[in-house]
Amino acid sequence: MRDSELIQRARKARELAYAPYSKFKVGAALLAKSGKVYTGANVENASLGLTVCAERLALLKAVTNGEKDFVKIAVVADKDEPITPCGACRQVLSEFISDLRIICVNLEGKIKRYNLKKLLPDAFEKFDKDRSTDASD
Ligand code: THU
């Protein structure tokens, strides 16, 4: 799938954000290796710390639909410079793919591309990458 299509899906997802406190809406679209796209938007809460970011929601939706392999994620927000995923989302994404391609876009269409490896070097990993048994067992 082309980046432009994934970005479009993230833009559309952003419209469903629930952000009455910050008024800052974020949309994300995550492409799984299966070819399916999972979208997310930020969902805030009166108890602010319980807010869920767009990227994490997209990932959790994907994982709970049986996906574990991912290709890239597009993140859209209204800011002069495209935003990058927060630290918590970086860690959660890295659980499944340490070299995820991240496409950050603002509403004017300015694009910045990153790799998760660059945004979260030396991420915490509990399991060895060469483990012989499935970590989910
Ligand atoms: N937010 C995201 O959804 N993704 C990010 O990568 C950064 C921040 C949300 C959380 C909160 O609802 C709002 O943006 C302002 O921080």
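Sequence order as written defines residue numbering, which begins from 1 separately in each chain. Totals for whole chains, interfaces and linings use every residue, but because this is a predicted model, local features are given only for residues with pLDDT of at least 70 and side-chain atom pairs only at 80 or more, for both listing and counting. To obtain the side-chain values, all non-hydrogen atoms of the structure were used and water was disregarded.

Asker: Could you give an account of the site of the ligand, naming the residues involved and the relevant values?
Answerer: In the region of the ligand, 13 residues are neighbours, and Asn42, Glu44, Ala54, Glu55 and Cys86 sit closest. Between the ligand and the protein, one listed contact pairs an oxygen atom with a side-chain N or O atom of asparagine 42 at 2.9 Å. Any pair of N or O atoms that falls within 3.5 Å is considered a polar contact. Within protein, one atom must be able to donate a hydrogen and the other to accept it, and sequence-neighbouring residues count only if both atoms are side-chain atoms. Take glutamate 55: an N or O atom from its side chain is 2.6 Å from an oxygen atom of the ligand. For the area figures, the Shrake-Rupley method with a 1.4 Å probe applies, and any residue is considered shielded solely by the protein chains shown. Its free accessible area being 370 Å², the ligand has 78% of it covered by the protein chains. Only heavy atoms are used to decide nearness, and a residue is near a molecule or strand if one of them lies within 4 Å of it.

Asker: Run through the pattern of salt bridges, naming residues and quoting values.
Answerer: Put simply, a salt bridge is a Lys or Arg side-chain nitrogen that is within 4 Å of an Asp or Glu carboxyl oxygen. Under the defined criterion, the tally for this structure stands at six salt bridges. With a shortest N-O distance of 2.9 Å, aspartate 3 and arginine 113 are connected by a salt bridge. With aspartate 3 in helix H1 (residues 3–14) and arginine 113 in strand E5 (residues 111–115), this pair connects stretches of sequence that are 110 residues apart. Throughout, exposure labels follow a simple rule: accessible area from a 1.4 Å probe, protein chains only, divided by the maximum for the residue type, with under 20% read as buried, over 50% as exposed, and the rest as partly exposed. By relative accessible area, aspartate 3 is classed as buried at 13%. The residue glutamate 81 makes a salt bridge to lysine 110 at a minimum N-O spacing of 2.5 Å. In this pair, glutamate 81 sits in the loop between strand E3 (70–77) and helix H3 (87–94) while lysine 110 sits in the loop between strand E4 (101–106) and E5, placing the two residues 29 residues apart along the sequence. The partly exposed category is assigned to glutamate 81, whose relative accessible area is 34%. Salt bridges sharing common partners tie together Asp3, Lys72, Arg101 and Arg113. Helical segments are the DSSP runs of H or I of at least four residues, strand segments are the runs of E of at least two, and each set is numbered from the N terminus.

Asker: I'd like a description of the sheet that holds E4, backed by residues and values.
Answerer: The strand order E2-E1-E3-E4-E5 describes an open sheet built from five strands, whose pairing is mixed. Edge positions in the sheet fall to strand E2 (37–41) and E5, since each has one partner strand and no second. Each neighbouring strand pair of the sheet contributes to a mean axis angle of 15°, computed without reference to strand direction. Think of it this way: DSSP has to see at least two bridges between two strands before they count as a pair. Two strands pair when backbone bridges link them, and strand E1 (residues 26–32) and E2 are joined in this way by five bridges, in the antiparallel orientation. Note that in E2 the partner of leucine 31 across the bridge is valine 37. Every axis in this analysis is a line fitted to C-alpha atoms, fitted for helices over the stretch in contact. Angles between the N-to-C directions lie between 0 and 180 degrees.

Asker: Explain the nonpolar core to me, using residue names and the numbers behind them.
Answerer: The definition of a nonpolar core used throughout is a set of buried Ala, Val, Leu, Ile, Met, Phe, Trp, Tyr and Cys residues joined through side-chain atoms within 4.5 Å. Val26, Leu30, Phe70, Ile73, Leu93, Leu100 and Ile102 are the most contacted members of the largest nonpolar core, which totals 22 residues. Only heavy atoms matter for contacts: two residues are in contact if any of them lie within 4.5 Å across the pair. The contacts of valine 26, once residues within four sequence positions are left out, are Arg14, Ala17, Gly40, Ala41, Asn42, Ala54, Glu55, Val75, Val76, Ala77 and Ile83. One finds Leu6, Leu31, Val76 and Ile103 within the second-largest nonpolar core, a separate group that totals 10 residues.

Asker: Go over the environment of tyrosine 18, please, and point to the residues and values.
Answerer: In this fold, tyrosine 18 is placed in the loop between H1 and E1. Judged by relative accessible area, which is 43%, tyrosine 18 ranks as partly exposed. For the pair formed by tyrosine 18 and cysteine 104, sequence separation is 86 residues and the distance between their alpha carbons is 20 Å. Excluding anything up to four places from it in sequence, tyrosine 18 contacts Asn42, Val43 and Glu44.

Asker: Can you lay out the side chain of serine 94 for me, pointing to particular residues and giving the numbers?
Answerer: Within the fold, serine 94 resides in helix H3. On the basis of relative accessible area, serine 94 is assigned to the buried category, the value being 7%. Sequence-distant contacts of serine 94, defined by excluding residues within four places in its chain, comprise Leu116, Leu120 and Ala123.

Asker: Describe in detail the pairing of E5, supporting the description with residues and values.
Answerer: Pairing analysis gives five bridges linking E4 to E5, with the strands arranged antiparallel. Residue pairing for E5: isoleucine 103 is matched across the bridge by arginine 113. The turn joining E4 and E5, which pair antiparallel and follow one another in sequence, is formed by four residues; a positive phi near 95° is taken by glycine 109.

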